[in-house]
Amino acid sequence: MGKDISSRYAALCETAQAACDTLGLSSKIIIQVGSATCENAAGATEVWKEFERNIRTSGREDIQLHHVGCTGRCSREPIVGVLMPDKMPVLYQKVTRDIAHEIFTRHIQGGEVVAGAALEKSAAPMQRQVILCEARHCGNTSCSDLGDWFREEMEKAGVDEDAVALTQAGGMGFCTMRKNTGTNCILVRPENVIYFIKDRADVERIAREHLAGGRIVDSLRCKEESISVRFFDRYGDVAFFNQQNRIALRNAGIVDPESIHEYIRYHGFSALAQALAKGDPDWVIDEITKSKLRGRGGGGYPTGLKWKAGRENTETTRYLICNADEGDPGAFMDRSMLESDPFSVIEGMLIGGYAIGASRGFFYVRAEYPLAIRRIENALAACRENGLLGDNILGSGFSMDLEIRLGAGAFVCGEETALIHSIEGERGQPRIRPPYPTDSGLWGKPTVINNVETFANVPAILVYGSDWFRTMGLENSGGTKVFALAGKVNHTGLVEVPMGTSLRQVVYNIGGGVPKKKTLKAVQTGGPAGGVIPEEFLDTPIDFDTLGKLGSIMGSGGMIVLDEDDCMVDVAKFFMAFCQDESCGKCTPCREGTKRMLEILERITEGKGEPADLEKLERLADLVKKSSLCGLGRAAPNPVLSTLKYFRHEYEAHVLEKKCPAHKCKALVHYEIIPEKCVGCTMCARNCPVGCIAGARKENHVIDQSRCIKCGRCFEVCRFDAVARQ
Amino acid sequence: MMPVTTATNNREEVRRRSIEALTPEIVAYIETCAQDAHASSHLIGVLHKVQAHFGYLGREQMDAVAQLLQVPASKVTGVATFYHFFRLEPRGRFVINVCLGTACYVKGAERVADRLCEELGIHFGETTRDGLFSLEGTRCLGTCGLAPVIMIEDRIFGDMTPDQVPALLEKHVLQAQREDRQNGD
Ligand SMILES: Cc1cc2nc3c(=O)[nH]c(=O)nc-3n(C[C@H](O)[C@H](O)[C@H](O)COP(=O)(O)O)c2cc1C
Ligand code: FES
């Protein structure tokens, strides 16, 4: 049987390779254009059309236009990549129709990179790049030593300094193949060769033979393919990306999310084939347990344990659910994963289904994600056509089918028991646990629910081994976590880093810090169920337990950077308004408690707060936390408690001094024009939306306080700093 | 003796009326769902289809769904009112969704929202008198990297500032006029 499965899988690989060859994916010039909700919003569809037109009119047949998902570099989209055989890939940012035309004529036809549009100005005139892996668990030689060795040896070998860039990467995951410790891995682009380096002599040889002579040093070369080599090959010169470690997002921005052939060509479904060929579900569960994979949906429950509980149930009709409800307002990891690489999630689900013995599985997806839904539908159909879904998968005797069920905009439906009710076609209200879904879930049967990202990690664990996955994270928590970095940060987008990476590294090294030279006040993690982490704790290693200790949670991966202009009371109010609105109303503490807390917060931000309010708030928060029915209510006080813990002085300023230190709460701000500074340029008067500023040209202007709506326009537009804000 | 009530078997008529209230595609979809052992679990999916076609869930359509899927009308109403995504009222020609998620909020979505209310002269949840625009708030469109974001129909506009609002609305007014003219020809 195992043999039959392998040969069927081999046949699939052959077909996939042939299909990709016909497209010319390895022989032609590839123009890759991002296509995901965010890319399209930024104008990727127009860019695609422009390239299409250019290719058509040029009559060239050696150019292939190629869709990829989203790499997660949101603020620079649409992103276009030009991949020419034997050349470094070049990426372009914020491409418009005009830039697309320029890329086509100057770069593709003329061979000259359009430097002005290069992604993060990455496309320096270098011909080669050496990327050194800086992962914590990597070899013995520290990266800075290795860097020095390279610099010195390159000089000795007479390599032109400008032609070769040396980059230190966050961690390339090449250690998957490094059986013997004490070696360092490097990647050389554009040849895309991984070398294992033991000592300085190796560095000398690589510098002399490869970097100066252009000949690959075969004896030092690693022959296997690592998990992130394709990602680094394409994006390795961009600082935002080369500090990351892409496991769950391994194919995002690389494969066409609508092509099963491309997924298979990069070893897609090999983990499933391997598991089925082994024929031992317990082996799968064992591997997942050893990998220390913890649920990425927020709870952090060990996935292996959950699967074991599902499998050990005596009831044999079992179900599997992928939670793609992504309710945290400010998180978009799951959307991006489903839009950019739906097959990985499907493969993870099939492996999960096999492990627990389920024959029917569900995708529960938010209705707000139409493109993700379409991509999953397309992927499921392709899997069915190729014998990877339905009866007797790959001839193994294992059968499983997956279907999509839509959410309808209720945050609480992310909670597992509410989600189950929603799939059953009911109002999405949670119920008391236990019994846990693994005992009694969908239609009363044992049900395993996991998050999108949890499933996306599963195939990688089986292919590269639980040891590798475990060593990447912390003692109790293996692997990486994807964060949706947004808010007051220069580089917004998706960031995947090993567990244990510090917040500072994410916000500053990858995110590029806070824009406009403002100071960072806090980082909000975990969405409405989480809390704020002030600047002084930014060096905390990120993990479920560490963030929990700080009074926040890891959550599903939303990470919002807040700066000096953000009022912490207002932030708490924002999340409380959210929870109050989303409370399903079933239990009293959550229904009434969130409402009363919101009222208090509203009072405080309106300048009507009293000193006793703070204690009331704390007492109420504690009560709601302890007595609510489900996770929504139990976590709803977190934003209040954590802001009170770290920013009590801001609350006190609102209550005692009736001041909002961040000048955010409208009722507590006051605008006035300083007569000495006003030159009478009329700028403020012309911009005031309610026309409450009076004054003739070249004369002092005055704000009519009774009509002022405190929108702050005058403050922003005045070029003479003549508007005072208090 | 017990009084005898004449059997009122109007099943066929109710069924016919229910089918008329929906479209043939939706009826066909309900029929496939009805084959599932857990037919009523497809209720939310069916309501999505109804709303996609009619723009909202009318009483007549909800009753029809209840009848054809064989679930109580009270359950249909219960589900339709529980989930934010479902609307029980018709809306304007262009639905403007303002993202009120965290990322958008900290990047100034409120000010964009204020400006929209001001320009349109309506509040959230309302429709302009000419039936052209409805204004709604939504929770995270998943494009937080472009915050603040608004969505008009299914097009997303990122990095919005209050000052961009008038021109954007104007563009849609012109689009509507153009479409009307074309349809009038
Ligand atoms: C109010 C609430 C909302 C939740 N929302 C989500 C969500 O959007 N996505 C998700 O994967 N898990 C969410 N969860 C967690 C799930 O209940 C569940 O723990 C998770 O899907 C299990 O998968 P995992 O073990 O892979 O993390 C939420 C929990 C609560 C209490
Ligand atoms: S918060 Fe607005 S798109 Fe996510």
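Residues numbered from 1 in each chain as written. Chains lettered and ligands numbered in written order. Predicted model: local features only at pLDDT ≥ 70, side-chain atom pairs only at ≥ 80, totals over all residues. Heavy atoms only, no water.

**Examining the site of ligand 1**
All names here are of chain A.
- Among the 18 residues in the neighbourhood of ligand 1, the closest are listed as Gly297, Lys306, Asn450, Asn451 and Thr454.
- Relative to its unbound accessible surface of 610 Å², ligand 1 loses 87% to contact with the protein.
- Top contributing element to the shell around ligand 1 by residue count: strand E12 (residues 447-451), with 3 residues.
- Residues belonging to the shell around ligand 1 are distributed by class as follows: 3 nonpolar, 9 polar and 6 charged. (Near = heavy atom within 4 Å. Areas by Shrake-Rupley, 256 points an atom, 1.4 Å probe, with all protein chains shown as cover. Helix = DSSP H or I, 4+ residues; strand = E, 2+ residues; numbered from the N terminus. Nonpolar A, V, L, I, M, F, W, Y, C, P; charged D, E, K, R; others polar.)

**Examining a positive patch on the surface**
- There is a patch of like positive charges on the surface, built from Arg686, Arg697, Lys698 and Arg719 of chain A.
- Within the element layout of this structure, Arg697 of chain A appears in the loop between strand E19 (693-694) and strand E20 (702-703). (Patch = residues over 30% accessible without salt bridge, like charges linked within 9 Å, V, L, I, M, F, W, Y side chains within 5 Å. Salt bridge = Lys/Arg side-chain N within 4 Å of Asp/Glu carboxyl O. Lys, Arg positive; Asp, Glu negative; His and termini not counted. Charge placed at Lys NZ, Arg CZ, Asp CG, Glu CD.)

**Structural notes on the interface of chain B and chain A**
- If you look at the interface, chain B gives 37 residues, while chain A gives 55 residues.
- Taken together, chain B and chain A are joined by 8 salt bridges.
- With a shortest N-O distance of 3.3 Å, Asp114 of chain B and Lys666 of chain A are connected by a salt bridge.
- Run the count over chain B and chain A and you get 26 residue pairs in polar contact (both at pLDDT 80 or more).
- Those elements giving two or more residues to the side of chain B that touches chain A turn out to be helix H3 (43-54), helix H5 (73-82), helix H6 (102-106) and helix H7 (109-120) of chain B.
- For the side of chain B that touches chain A, the class distribution of residues is 16 nonpolar, 13 polar and 8 charged. (Contact = heavy atoms within 4.5 Å. Polar contact = N/O pair within 3.5 Å; in protein donor to acceptor, adjacent residues only side chain to side chain.)

**Some remarks on unusual backbone geometry**
All names here are of chain A.
- With omega at -10°, the peptide bond leading from Arg433 into Pro434 counts as cis.
- Residue placement: Pro434 occurs in the loop between helix H16 (416-423) and E12.
- The residue after Pro434, namely Pro435, is reached through a cis peptide bond having omega 0°.
- Topologically, Pro435 is positioned in the loop between H16 and E12.
- Backbone geometry places Lys698, a non-glycine residue, at a positive phi of 60°.
- As for its position among the elements, Lys698 is in the loop between E19 and E20.
- Assessed through its relative accessible area of 70%, Lys698 is described here as exposed.
- Positive phi, normally seen in glycine, also occurs at Asp721, with a value near 50°.
- Residue placement: Asp721 occurs in the loop between helix H28 (713-717) and strand E21 (723-725).
- Residue Asp721 is classed as exposed on the basis of its relative accessible area of 56%. (Buried < 20%, exposed > 50% of the residue type's maximum accessible area, 1.4 Å probe, protein only.)

**With respect to the pairing of strand E13 (residues 480-487) of chain A**
All names here are of chain A.
- Of all 8 residues in E13, 8 are buried; the element is thus mostly enclosed.
- Pairing geometry for E13 and strand E14 (residues 493-498), over 6 bridges, is antiparallel. By the bridge assignment for E14, Phe483 is matched with Val495.
- Turn length for the E13-E14 hairpin, with the two strands adjacent in sequence and antiparallel, is 5 residues.
- Judged from the 4 bridges that link them, E13 and strand E17 (residues 558-563) form a sheet pairing that is parallel. Residue pairing in the sheet places Ala484 in a bridge with Gly558 of E17. (Pairing = 2+ DSSP bridges.)

**Description of the pattern of salt bridges**
Residue and element names in this part refer to chain A.
- Evaluation of the coordinates by the stated rule reveals 66 salt bridges over all chains.
- For Glu453, the salt bridge is made with Lys481, and the minimal N-O distance between the two is 2.6 Å. On the criterion of sequence distance, the pair formed by Glu453 in helix H17 (residues 452-464) and Lys481 in strand E13 is long-range, its members being 28 residues apart. One exposure class covers both Glu453 and Lys481, and it is buried.

**Looking at the pairing of strand E16 (residues 531-534) of chain A**
Residues and elements named next belong to chain A.
- Summarising the sheet, strand E15 (residues 520-525) and E16 pair through 4 bridges and their orientation is antiparallel. Paired with Ala522 across the bridge in E16 is Pro534.
- Between E15 and E16, which pair antiparallel one after the other, the connecting turn spans 5 residues, and Gly526 there sits at a positive phi close to 85°.

**Quick look at the domain arrangement of chain A**
- We note that the domain assignment places domain 1 (20-34 + 36-69 + 80-117), domain 2 (128-237), domain 3 (260-470), domain 4 (480-566), domain 5 (569-657) and domain 6 (670-725) within chain A.
- The centre of domain 1 of chain A, based on its C-alpha atoms, is set 34 Å off from the matching centre of domain 4 of chain A. (Domains from an automatic or database assignment.)

**Let's talk about the packing of helix H11 (residues 281-290) of chain A against helix H14 (residues 342-356) of chain A**
Residue and element names in this part refer to chain A.
- Running from amino to carboxyl end, H11 crosses H14 at an angle of 120°, the nearest separation of the two axes being 8 Å. Between H11 and H14, the angle falls in the class oblique. Of the two elements, H11 crosses H14, and the hand of that crossing is left-handed. Contact with H11, carried on its side by Pro281, Val284 and Ile285, involves Ile351, Tyr354 and Ala355 of H14 and no other residues of that element.
- Considered class by class, the residues forming the contact of H11 with H14 number 6 nonpolar, no polar and no charged. (Axes fitted to C-alpha atoms, helices over the stretch in contact; angles between N-to-C directions. Parallel < 35°, antiparallel > 145°, perpendicular 65-115°, else oblique. Left-handed = near helix turned anticlockwise from the far one by under 90°.)

**A few points about H16 of chain A**
- The element H16 of chain A is extensively covered by neighbouring structure, given that 8 of its 8 residues are classed as buried.
- Those residues of H16 of chain A lying buried are Glu416, Thr417, Ala418, Leu419, Ile420, His421, Ser422 and Ile423 of chain A.
- Packing partners of the buried residues in H16 of chain A comprise helix H12 (303-312), strand E9 (319-324), strand E10 (360-365), strand E11 (401-406) and E12 of chain A together with H3 of chain B.
- Taken from the residues just after H16 of chain A, Gly425 of chain A is the one with a positive phi, measuring 90°.

**Topic: the sheet that holds strand E2 (residues 133-138) of chain B**
Residues and elements named next belong to chain B.
- Strand order in this open sheet of 4 strands is E2-E1-E3-E4, and the pairing throughout is mixed. In this open sheet, the two strands that pair with only one neighbour each are E2 and strand E4 (155-157). Taking each pair of neighbouring strands and ignoring which way they run, the sheet shows an average axis angle of 25°.
- Across the sheet, H7 touches strand E1 (94-99), E2 and strand E3 (150-152), and the angle it forms with E1 is around 155°.
- Relative to the sheet, helix H8 (residues 165-184) contacts E1, E2, E3 and E4, its axis offset from that of E1 by approximately 160°.

**Remarks on the side chain of Glu39 of chain A**
Residues and elements named next belong to chain A.
- With respect to the element layout, Glu39 can be found in helix H2 (residues 37-41).
- For the buried residue Glu39, which engages in no salt bridge, the nearest side chain bearing the opposite charge is Arg335, 9.2 Å off.
- In this structure the side chain of Glu39 is engaged in a polar contact, spanning 3.1 Å, whose partner is the backbone nitrogen of Ile79.
- Once you skip the residues sitting within four places of it in the chain, Glu39 turns out to touch Gly34, Ala44, Gly69, Cys70, Glu77, Pro78 and Ile79.

**Points about the domain arrangement of chain B**
- Domain annotation of chain B identifies domain 1 (11-82) and domain 2 (94-182).
- Using C-alpha coordinates to define each centre, domain 1 of chain B is positioned 31 Å away from domain 2 of chain B.

**Topic: the sheet that holds strand E5 (residues 128-133) of chain A**
Residues and elements named next belong to chain A.
- Here we have 4 strands laid out as an open sheet, ordered E6-E5-E7-E8, and mixed in their pairing. Lying at the two open borders of the sheet, with one neighbouring strand each, are strand E6 (164-169) and strand E8 (193-197). Neighbouring strand axes in the sheet, compared pairwise and without regard to direction, differ in orientation by 25° on average.
- Sheet topology note: the strand E7 (residues 184-189)/E8 ladder contains 5 bridges and is antiparallel. Within the sheet, the bridge partner assigned to Asn184 lies in E8 and is Ile197.
- Each of E5, E7 and E8 touches helix H6 (residues 200-212); the most contacted strand, E8, lies at about 155° to it.

**Things to note about the state of the cysteines**
- With the rule as written, the count across this model stands at 0 disulfides over all chains.
- The thiol of Cys567 of chain A is not disulfide-bonded; the next cysteine sulfur, from Cys665 of chain A, is found 3.8 Å away. (Disulfide = S-S within 2.5 Å.)

**Description of the packing of aromatic side chains**
All names here are of chain A.
- Under the criterion given, the structure shown has 22 aromatic pairs over all chains.
- Ring centres of Phe240 and Phe241 lie 5.2 Å apart, and the angle between their planes is 80°; this geometry places the pair in the edge-to-face category.
- With a relative accessible area of 1%, Phe240 lands in the buried category.
- Classification of Phe241 as buried rests on a relative accessible area of 0%.
- Feature note: the residues Phe231, Phe232, Tyr235, Phe240 and Phe241 constitute an aromatic cluster, connected by ring pairs.
- Lying over the aromatic face of Tyr266, Arg230 brings its terminal NZ or CZ to 4.1 Å of the ring centre.
- Sitting over the face of the ring of Trp283, Lys278 holds its NZ or CZ atom 4.4 Å from the ring centroid. (Phe/Tyr/Trp six-rings, centres within 6.5 Å; stacked < 30°, edge-to-face > 60°. Lys NZ or Arg CZ within 6 Å of the ring centre and 35° of its normal.)

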